[in-house]
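# Geometric and topological summary
Okay, here's what each chain looks like letter by letter:
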Amino acid sequence: MALRKLVAGNWKMHGLSADLEEIRTIAEASRAYPTVDVALCVPAILIERAARAVPGFAIGGQDVHQAEKGAHTGCTSALMLLDSGASLTIVGHSERREAQRENDGEVKAKAESALGVGLTVILCVGESLEVRERGAAVATVIAQLDASIPHESTEEAELAVAYEPIWAIGTGKIPTVGEIAEMHSAIREQLVHRYGAAGNQVRILYGGSVKASNAGEIFSIADVNGALVGGASLKAADFIPIVAAAALV
Ligand code: 13P
């Protein structure tokens, strides 16, 4: 059976109180597409207000610390995210892997910590342009995936994987249909290798310059079970057509 599509927005460092109205508009408009799971991952400080503004709509974080609590200035634990009203979180986004130098081991610990409290996890992997150009994209991403995903898949909490080629993020460039198909199929194979049949239930999202104009084509690729959307998730007018495209396939 085909997996339900998940379309998640990553608001990155965007979002003030004034934007709660846009979140309400997105949540309201999403109800027209009940076959699609829709979520918005907002800055940690906005989670509680966003979750209160749109009861029943999935609000998530963009990162989580791996420790339960302790001396980690400026960090947010999985329980804190949950306590604020989040139901999911992104981990291992390339912007954090680069700017905060997060490595695969840390990303794995973050994923395990979030899954441990029952948060859905969107774990990001993706190659640089240099890696793509030297023909090592699949091997690199699979190695990254293997080192970042939790030991065991859990039944209660859900893991999703987002393939986000770094060179496609915010650039308007996207891989070819063949390149996305090849990568998603390799990720699926690795998930089944690691988790057995449960690996077929893990949703694999594509991320990087997803827009209304390319979403339909991307969603029709085998093993693309949704999208992680950056810039085009900030406004309902840009985001909802992507949700609508997911409902059509
Ligand atoms: P864009 O959709 O802006 O390219 O960002 C993708 C992304 O990084 C989502 O996590």
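Structural data are supplied above this passage.
For the structure given in this document, a descriptive report is provided here.

Here is what the cut-offs are and how they apply
- Residues numbered from 1 in each chain as written.
- Predicted model: local features only at pLDDT ≥ 70, side-chain atom pairs only at ≥ 80, totals over all residues.
- Heavy atoms only, no water.
- Near = heavy atom within 4 Å.
- Polar contact = N/O pair within 3.5 Å; in protein donor to acceptor, adjacent residues only side chain to side chain.
- Areas by Shrake-Rupley, 256 points an atom, 1.4 Å probe, with all protein chains shown as cover.
- Nonpolar A, V, L, I, M, F, W, Y, C, P; charged D, E, K, R; others polar.
- Helix = DSSP H or I, 4+ residues; strand = E, 2+ residues; numbered from the N terminus.
- Buried < 20%, exposed > 50% of the residue type's maximum accessible area, 1.4 Å probe, protein only.
- Pairing = 2+ DSSP bridges.
- Axes fitted to C-alpha atoms, helices over the stretch in contact; angles between N-to-C directions.
- Contact = heavy atoms within 4.5 Å.

## A short note on the site of the ligand
Surveying the vicinity of the ligand reveals 13 residues, the closest of which are Lys12, His93, Gly170, Ser209 and Gly230. Take Asn10: an N or O atom from its side chain is 3.0 Å from an oxygen atom of the ligand. The contact in question runs from an oxygen atom of the ligand to an N or O atom on the side chain of His93, over 2.8 Å. Notes on the ligand: free accessible area 310 Å², of which the protein chains cover 94%. Looking at the shell around the ligand residue by residue, the classes come out as 4 nonpolar, 7 polar and 2 charged.

## Some details on the environment of Glu130
If you trace the backbone, Glu130 turns up in helix H6 (residues 129–133). Using a relative accessible area of 47% as the deciding quantity, one classes Glu130 as partly exposed. Separated by 69 residues in the primary sequence, Glu130 and Gly61 place their C-alpha atoms 30 Å from one another.

## Things to note about the sheet that holds strand S2 (residues 36–41)
Ordered by their spatial adjacency, 8 strands build a closed barrel running S1-S2-S3-S4-S5-S6-S7-S8, and the pairing between neighbours is parallel. Taking the axes of each pair of neighbouring strands and ignoring which way they run, one obtains an average angle of 25° across the sheet. Strand direction decides the pairing type here: strand S1 (residues 5–10) and S2, joined by 6 bridges, are parallel. Opposite Gly9, over in S2, you have Leu40 as the bridge partner. Helix H5 (residues 104–116) contacts strand S4 (88–91), strand S5 (120–125) and strand S6 (159–163) of the sheet and is inclined by roughly 165° relative to S5.

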